[in-house]
Structures are given as C-alpha cells and as structure tokens.
Amino acid sequence: MRKIKLYIATSLDGYIATLDGGLDWLTAYPNPEISDYGYSDFYNTVDIIIMGGSTYQSIVDMDIPWPYVDKQTYVISRTKKSNSNIVEVVGEDIISKVAEWKSTRGEDIWLVGGGEMVALFLNNNLVDSMEITVIPTLLGSGIPLFPTVQKASNWAVTDVIKHSNGVVTTHYKREDKNKAVK
C-alpha cells in the first residue's frame, strides 16, 4: 500500500506562506551551498501529488511551466478547474478517493499542502510520514502549517538533518494509530 508523505517547509514560527501566499521568505533565505534540502531524493519516491486549490493557484500564478509533469497531480477543490491531463481536480468524496489512491500499486503519494489539506489529512489519519524543513525565519503571521488539526496523534522522529546554513529538516513517522496521546 502506498504511503502519504507530507514534505513541506515552514518558518520557525510555523507558517508555510505569508498571508497573501507569498514564499519570498523561503526563496530569499541564504543558501550558499544551493542545497535542495533533500527535495530531489524525496521527489523520486512519489508518483502522485495532492494539493489544495490555493497551493495549485499559487503555482499556476508563478507563470512557470508545470513543475510536476512526470507525476499525476490531484487538486482538492470545489472551485478550481484544470485543462491538463496530468492535473485532475477532485471536489467530492475526497477521503474515499484518497483511500483508493493509497490502495493502488505504485510509488508513494506527496501531500504538498497547503495548511487546510494538511489538517484534513491529519484529521482523517491519512498522513503516514512528515518531512518538515524549518527555515529559521520568524514571519509573525501567515498561513499556518497546522491550522485546524482537531485530532491528536503521535509522531516519532526518525531523522534530523542540520544543514550548513542553519536550516533543519526533521523526518517523522506516524506512531501506532491506537496508541494513546498523552
């Protein structure tokens, strides 16, 4: 069975973007070694990408070629439309669709974001692992990584990587879903 992996960057104070969806704080952070923080290795482990409508729109608005042409992409949205054969919009029966994708053969599934999608997936016990890269920048406000997580869960740290520029990537694996949260 495929695993759903959250791979995402966040500010030190837990925001994945500014209030207007901006990512300048992320791309402007000093990276003298031009590290991709494990992105390439991670990217090669997935063949399905899931994202919310706002994340999708942010990528479209960048006016760049679609960056995931070699992956099937699902956008969870009731309002967005796609005219691409590699981007499919799903607006209903989301949880059952995700369960269907997980049960098919293939590589793992990347939950790109945003915060509402992260909360939806966590609240439904759908995330199997998380790889969170923390950029040591305080934004003060923005779009939170975990905006409306209502269901407690336990996560084990499986790896921590400190990059030379102070960025830290932590790998987490969901612990037994039946284990009590303290």
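What counts and what doesn't
Residues numbered from 1 in each chain as written. Predicted model: local features only at pLDDT ≥ 70, side-chain atom pairs only at ≥ 80, totals over all residues. Heavy atoms only, no water. Helix = DSSP H or I, 4+ residues; strand = E, 2+ residues; numbered from the N terminus. Rg over C-alpha atoms; globule rule 2.2 N^0.38 Å. Buried < 20%, exposed > 50% of the residue type's maximum accessible area, 1.4 Å probe, protein only. Contact = heavy atoms within 4.5 Å. Salt bridge = Lys/Arg side-chain N within 4 Å of Asp/Glu carboxyl O. Phe/Tyr/Trp six-rings, centres within 6.5 Å; stacked < 30°, edge-to-face > 60°. Lys NZ or Arg CZ within 6 Å of the ring centre and 35° of its normal. Arc of directions from axis to C-beta. 1 Å grid on protein atoms, 1.4 Å probe; cavity = no way out; pocket = protein on both sides within 12 Å on 5 of 7 lines; lining within 4 Å. Points joined across faces, edges and corners; volume = space filled by probe spheres on them. Pairing = 2+ DSSP bridges. Axes fitted to C-alpha atoms, helices over the stretch in contact; angles between N-to-C directions.

A. Here's a closer look at the overall build of the chain. Each helix and strand in the chain was counted, giving five helices and 10 strands. Over its C-alpha atoms the chain spans a radius of gyration of 16 Å, differing by no more than 12% from the 16 Å that the globule rule assigns to 182 residues. Projected onto the principal axes, the alpha-carbon positions of the chain cover approximately 45 × 40 × 30 Å. Here the chain, with 182 residues, has 42% of them falling under the buried criterion. In the chain, 70% of the contacts between residues at least 6 apart in sequence involve partners at least 24 apart.

B. Geometry of the pattern of salt bridges. Enumeration according to the criterion identifies three salt bridges in this entry. Asp 108 serves as the salt-bridge partner of Lys 5, at 3.2 Å between the closest nitrogen and oxygen. With Lys 5 in strand β1 (residues 4-11) and Asp 108 in strand β6 (residues 108-113), this residue pair connects regions lying 103 residues apart in the sequence. Note on Asp 108: relative accessible area 16%, which makes it buried. Among the salt bridges present, the one from Asp 128 reaches Lys 102, with a minimum N-O distance of 3.0 Å. Note that Asp 128 is positioned in the loop between α5 (115-123) and β7 (129-135) and Lys 102 in helix α4 (residues 94-103), a separation of 26 residues in sequence. Taking the relative accessible area as the measure of exposure, Lys 102 reaches 8% and is therefore buried.

C. Representation of the packing of aromatic side chains. Applying the stated criterion across every chain, the model contains 12 aromatic pairs. Every member of this aromatic cluster is reached through a ring pair, and the members are Tyr 7, Tyr 39, Phe 42, Tyr 43, Tyr 56, Trp 66, Tyr 68 and Trp 110. For the cation-ring pair, Lys 71 lies above Tyr 43, with the distance from its terminal atom to the ring centre recorded as 4.3 Å.

D. Spotlight on α4. Looking at α4, one finds that the buried residues are Ile 94, Val 98, Trp 101 and Lys 102. End-on view of α4: buried residues confined to an arc of 100°, all on one side of the axis. Summarising the contacts, the buried residues of α4 are in contact with β1, β3 (46-52), β4 (72-76), β5 (87-90), β6 and α5.

E. Just α5, in detail. Among the nine residues of α5, seven are classified as buried, and the element is accordingly described as predominantly covered. Taken together, the buried positions of α5 are occupied by Gly 115, Met 117, Val 118, Ala 119, Phe 121, Leu 122 and Asn 123.

F. Molecular detail of the layout of surface pockets. Size it by volume and the largest pocket reaches roughly 1,400 Å³. Surrounding the largest pocket, 44 residues form its lining, Ile 16, Leu 23, Leu 26, Thr 55 and Val 112 being those nearest its centre. For the lining of the largest pocket, the secondary-structure elements that each account for two or more residues are β1, β2 (15-17), α1 (24-27), α3 (53-61), β6, α5 and β7. No other element matches the six residues that α3 contributes to the lining of the largest pocket.

G. Layout of the sheet that holds strand β10 (residues 168-174). Pairing is mixed across the open sheet formed by eight strands, whose spatial order is β5-β4-β3-β6-β1-β7-β10-β9. The open sheet has two edge strands, β5 and β9 (155-162), and neither has a second partner. Here the strands of the sheet are splayed against their neighbours by 20° on average, with no regard to which way each runs. Looking at chain direction, β7 and β10 are connected through six bridges and run antiparallel. Residue pairing in the sheet places Val 134 in a bridge with Val 168 of β10. Along the sheet, α5 makes contact with β1, β3, β4, β6, β9 and β10, crossing β6 at roughly 135°.

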